[in-house]
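The primary structure of each chain is shown beneath.
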Amino acid sequence: MTTRLSHVSNLEAEAIFIIREVAAEFERPALLFSGGKDSIIVLHLALKAFAPAPLPFPIMHVDTGHNFGEVIEFRDRVVAENNLRLVVASVQEAIDEGKIQDATGPRASRNRLQTSVLLDAIEKNRFDALFGGARRDEEKARAKERVYSFRDEFGQWDPKGQRPELWNLYNGRYNAGEHMRVFPISNWTELDVWHYIRDAEIEVPHVYMSHDRDVFLRDGMWLGVTEFLKPMEGETVETRKVRFRTIGDATCTGAVESPADSIDKIIEEVAATRITERGATRADDRTSEAAMEDRKKEGYF
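Bear in mind the structure is a predicted one, so any value in this text is a computation, not a measurement.

Chemist: If you had to explain the nonpolar core to someone new, which residues and values would you point to?
Modeler: With 57 residues, the main nonpolar core has L31, I41, L45, Y148, W188 and W194 as its most contacted residues. Mapped by element, the contributors of at least two residues to this core are α1 (7–25), α2 (37–50), α3 (69–81), β4 (129–131), β6 (179–182), α7 (190–199) and α8 (263–272). Here this core gets eight residues from one element, more than from any other, and that element is α2. Membership of the second largest hydrophobic core comes to 16 residues, among which are A30, A89, A94 and I122.

Chemist: Run through the sheet that holds strand β2 (residues 59–63), naming residues and quoting values.
Modeler: Read from one edge to the other, the open sheet built from six strands follows the order β3-β2-β1-β4-β6-β5, with strand pairing classed as mixed. On the outer flanks of this sheet lie β3 (86–90) and β5 (148–151), each paired with one strand and no other. Direction aside, the axes of adjacent strands within the sheet are offset by 30° on average. Sitting on the sheet, α2 touches β1 (29–32), β2 and β4, and the angle it makes with β1 is about 140°.

Chemist: Help me get a handle on the packing of α7 against α8, residues and values and all.
Modeler: Contact geometry of α7 with α8 gives a least axis separation of 10 Å together with a crossing angle of 165°. The angle between α7 and α8 places the two elements in the roughly antiparallel class. In this structure, α7 crosses over α8, and the sense of that crossing is left-handed. In contact with E190, L191, W194, H195, I197 and R198 of α7, α8 contributes I263, D264, I266, I267, V270 and A271. Across the contact of α7 with α8, the residue classes break down as eight nonpolar, one polar and three charged.

Chemist: Go over the packing of α1 against α2, please, and point to the residues and values.
Modeler: For any two helices packed against each other, one specifies the inter-axial angle together with the distance between the axes. As a packed pair, α1 and α2 sit with axes 9 Å apart at the nearest point and diverge in direction by 70°. With respect to each other, α1 and α2 are oriented roughly perpendicular. In contact with E12, A15, I16, I19, R20 and A23 of α1, α2 contributes V42, L45, A46, K48, A49 and F50.

Chemist: Kindly report on a nonpolar patch on the surface, identifying the contributing residues and their values.
Modeler: A contiguous nonpolar patch, built from L166, W167 and L169 and spanning about 430 Å² of accessible area, is present on the exposed surface. By the secondary structure assignment, W167 is in the loop between β5 and β6.

Chemist: Any chance you could break down the packing of aromatic side chains for me, citing the residues and the numbers?
Modeler: Tallied over the full model, the rule gives eight aromatic pairs. Here the aromatic rings of W194 and Y208 are separated by 5.5 Å at their centres, their planes lie at 75°, and the arrangement is edge-to-face. Within this pair, whereas W194 is found in helix α7, its partner Y208 is found in the loop between α7 and β7 (211–218), the two being separated by 14 residues in sequence. When sorted by exposure, W194 lands in the same class as Y208, which is buried. Among the aromatic residues, those joined into a cluster by ring pairs are F26, Y148, Y170 and Y174. We note R163 situated over the ring of F150; from NZ or CZ to the ring centre the distance is 4.6 Å.

Chemist: Got a sec to walk through the pattern of salt bridges? Specific residues and values, please.
Modeler: Under the definition given, this model contains 21 salt bridges. The closest approach of N and O atoms between D137 and R135, which form a salt bridge, is 2.9 Å. Residue D137 is classed as partly exposed on the basis of its relative accessible area of 29%. Put simply, R243 and E269 hold a salt bridge, and the shortest N to O gap is 2.8 Å. Taken together, the residues R243 in strand β9 (residues 238–243) and E269 in helix α8 connect sequence positions 26 residues apart. Of the residues examined, R243 reaches a relative accessible area of 0% and is grouped as buried. Three or more residues joined by partner-sharing salt bridges are found here, namely K37, D38, R135 and D137.

Cut-offs used in this document
- Residues numbered from 1 in each chain as written.
- Predicted model: local features only at pLDDT ≥ 70, side-chain atom pairs only at ≥ 80, totals over all residues.
- Heavy atoms only, no water.
- Core = buried A, V, L, I, M, F, W, Y, C linked by side-chain atoms within 4.5 Å.
- Buried < 20%, exposed > 50% of the residue type's maximum accessible area, 1.4 Å probe, protein only.
- Helix = DSSP H or I, 4+ residues; strand = E, 2+ residues; numbered from the N terminus.
- Pairing = 2+ DSSP bridges.
- Axes fitted to C-alpha atoms, helices over the stretch in contact; angles between N-to-C directions.
- Contact = heavy atoms within 4.5 Å.
- Parallel < 35°, antiparallel > 145°, perpendicular 65-115°, else oblique.
- Left-handed = near helix turned anticlockwise from the far one by under 90°.
- Nonpolar A, V, L, I, M, F, W, Y, C, P; charged D, E, K, R; others polar.
- Patch = residues over 30% accessible without salt bridge, like charges linked within 9 Å, V, L, I, M, F, W, Y side chains within 5 Å.
- Areas by Shrake-Rupley, 256 points an atom, 1.4 Å probe, with all protein chains shown as cover.
- Salt bridge = Lys/Arg side-chain N within 4 Å of Asp/Glu carboxyl O.
- Phe/Tyr/Trp six-rings, centres within 6.5 Å; stacked < 30°, edge-to-face > 60°.
- Lys NZ or Arg CZ within 6 Å of the ring centre and 35° of its normal.

Set out below in structure tokens:
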């Protein structure tokens, strides 16, 4: 008797196959983990791929120092509960050491500073493959990217020079100094992610659920008040019921007004929207039409 897998089960099987392929092909892989829903999914799939054995590679967080406190608490708890090896690549440390210069001004964000810190960490730890949680439905540049995304000796991505991936065959060849970014959930959508989180009963940070938060409106986005992000003159702090559809540097990650305080309600909300989570709530993607592609060419996630 043949069992027909559900859509999400097929996506899970594909992702686990990719993760195992990377573990077999590469010598020093690592998993990029931000505490956001997509990296949580990739970590869950990786743990499932090798269970009952421990995860055979470390996870790495590129830490801007401007994170939501709830997300850092969640990250540390996940690491402890699963006995994971955590590598932290710190933007603040790079600033303190004079390697990079901190962004300044009322709209300053450390988001772009992550690129050089990420590349330094790859070189220092000699990682040859990095799992990421990017999905093709998020943004135009990410829609162009292959599952195995080749990066040259400078960590850069050439969208015109990507390798074909016919019949799910992945070319993992690389030379010394080069590496591969690997995206096991490329074919997932935001709705797929939430269906999987619900069905697999995966915990996510509370900021994804609707909650009361002090926010202010800037450039059409509700930004949360934090120790490193304050309203400018003319911007008024209000307490609103909001949630975050994506998690990143808090200085450029906006919230959306929402009553969705459960996974089922989030699924209903996402099913009805026609705007991607990055398109709606990430200021760093609004600087130009090709903002994400330009950053990815430089070595960004």
